[in-house]
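# Examination of the molecular architecture
Given next are the chains, with one letter for each unit.
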Amino acid sequence: MKIEYIEVSSLEDIINHASDEIPDGNSTINYILPFSIPIKIIKENPLRDVSDEALLWAKEVRPEELHINHGEFIGDGLDHIISELTHKRTSNRAIFSLINQSNISNSGDTPIPSFMLLQCNIHENNLYCTAYFRALEVTTFLRINLEEIRIKVAKIYDSLQNFDSVKLAIVAFRAYSNKNINTLKIPQIDRLSEAKILTTLTKNPKEISELLKQKCKDSTVVLTGSLEKIISSLSELEDTDVKFNRVRTLHLTKEALTIANDLKEKRAVNSHHEAVDKLNKDLEEKTLAISKEIHNA
């Protein structure tokens, strides 16, 4: 079947198209987003709300606030694409890959890129650009992915300037919508030491409460360190050391840790399942309950 590219006047059109086809909470297998985009749009119309985040994903050295990023896997891949297209516009080797089999085999739930490869070719003043994803969240993550691809295509154009439109085909083995997804950011509370958590619980509990709220987004990586540190801290403290119900908060946090460990086990055998969705929801509700107990605002 020949792909028919849909002409768009902005990257927002692509996001709206995907959101309309895959409503929140739904998914589909073997999903294709084929669009024709004028190079003027690529050069002059970034998705500004995710520009900074896209740059973090593109850095060659992974930023500390991300579990993984794409740049650490791509390396000099974009330079290779530009070099290949410079010498041979129709090359079938103008490609970068973010992953090889050694990254996948026996990886369990260790984070690996969903963005797998990007391949380019120039034909009749069009840059054909195909991106393959093993999984693609089409509301939040797609925005970041599109902006990252836009940045890369703009760099290709700056070097070559021999095409005037981009025929972009995004292929996702599994596409889904989850507006509450965590974009693989490590929550700030999970980057705090136990000493910092203990001190903040006594001196500024509102800060811990707010950080717990931020932790509530769905994530494919289940982190339990902050819950364990809160439990340890509350176990060391006395009731008079804090301005909230220490015993009640300790009980809620232990319950949250039990749910989180159960979620880890379920994710090890099912990436997407009703049981996983329920545990995600249970963990979110329990974490919010802890936040409210620590500082009811």
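The rules behind the values
Residues numbered from 1 in each chain as written. Predicted model: local features only at pLDDT ≥ 70, side-chain atom pairs only at ≥ 80, totals over all residues. Heavy atoms only, no water. Axes fitted to C-alpha atoms, helices over the stretch in contact; angles between N-to-C directions. Helix = DSSP H or I, 4+ residues; strand = E, 2+ residues; numbered from the N terminus. Contact = heavy atoms within 4.5 Å. Nonpolar A, V, L, I, M, F, W, Y, C, P; charged D, E, K, R; others polar. Parallel < 35°, antiparallel > 145°, perpendicular 65-115°, else oblique. Left-handed = near helix turned anticlockwise from the far one by under 90°. Core = buried A, V, L, I, M, F, W, Y, C linked by side-chain atoms within 4.5 Å. Buried < 20%, exposed > 50% of the residue type's maximum accessible area, 1.4 Å probe, protein only. Expected span 1.5 Å × (residues − 1). Polar contact = N/O pair within 3.5 Å; in protein donor to acceptor, adjacent residues only side chain to side chain.

The subject of this paragraph is the packing of helix α8 (residues 194-203) against helix α9 (residues 205-214). Closest axis-to-axis distance for the α8/α9 pair is 5 Å, and the angle between their directions is 115°. Every residue of α9 that contacts α8 at I197, T200, L201, T202 and K203 is listed here: P205, E207 and I208. Residues that form the contact of α8 with α9 fall into these classes: four nonpolar, two polar and two charged.

It is worth spelling out the packing of helix α10 (residues 225-236) against helix α11 (residues 246-269) at this point. Viewed as axis vectors pointing N to C, α10 and α11 meet at an angle of 155°, and their least axial separation amounts to 9 Å. If you check the angle between α10 and α11, you find them roughly antiparallel. Crossing angle aside, the handedness with which α10 passes α11 is left-handed. Between α10 and α11, the contacting residues are L227, E228, I230, I231, L234 and S235 on the first element and R246, T249, L250, T253, K254, A256, L257 and A260 on the second. Residues belonging to the contact of α10 with α11 are distributed by class as follows: eight nonpolar, three polar and three charged.

Another aspect to go through is the nonpolar core. Counting 60 residues, the largest nonpolar core has I37, L85, L127, L142, I156, V166 and I170 as its most contacted members. Ranked by residues supplied to this core, first place goes to helix α7 (residues 140-160) with eleven residues. Contacts of L142, omitting those with residues within four sequence positions, involve I15, A18, L33, L136, E137 and I170. Listed in part, the 27 residues of the second largest apolar core include I197, F244, L263 and I290.

So, about α11. Over its 24 residues, α11 runs 35 Å from end to end, which matches the ideal 34 Å to within 8%, given 1.5 Å per residue. Residues of α11 that are buried: R246, T249, L250, L252, T253, A256, L257, I259, A260, L263 and R267. Looking at the packing, one finds that the buried side of α11 touches α10 and α12 (274-294). Where α11 starts, the residue carrying a side-chain oxygen 3.3 Å from the main-chain nitrogen of V247 turns out to be N245.

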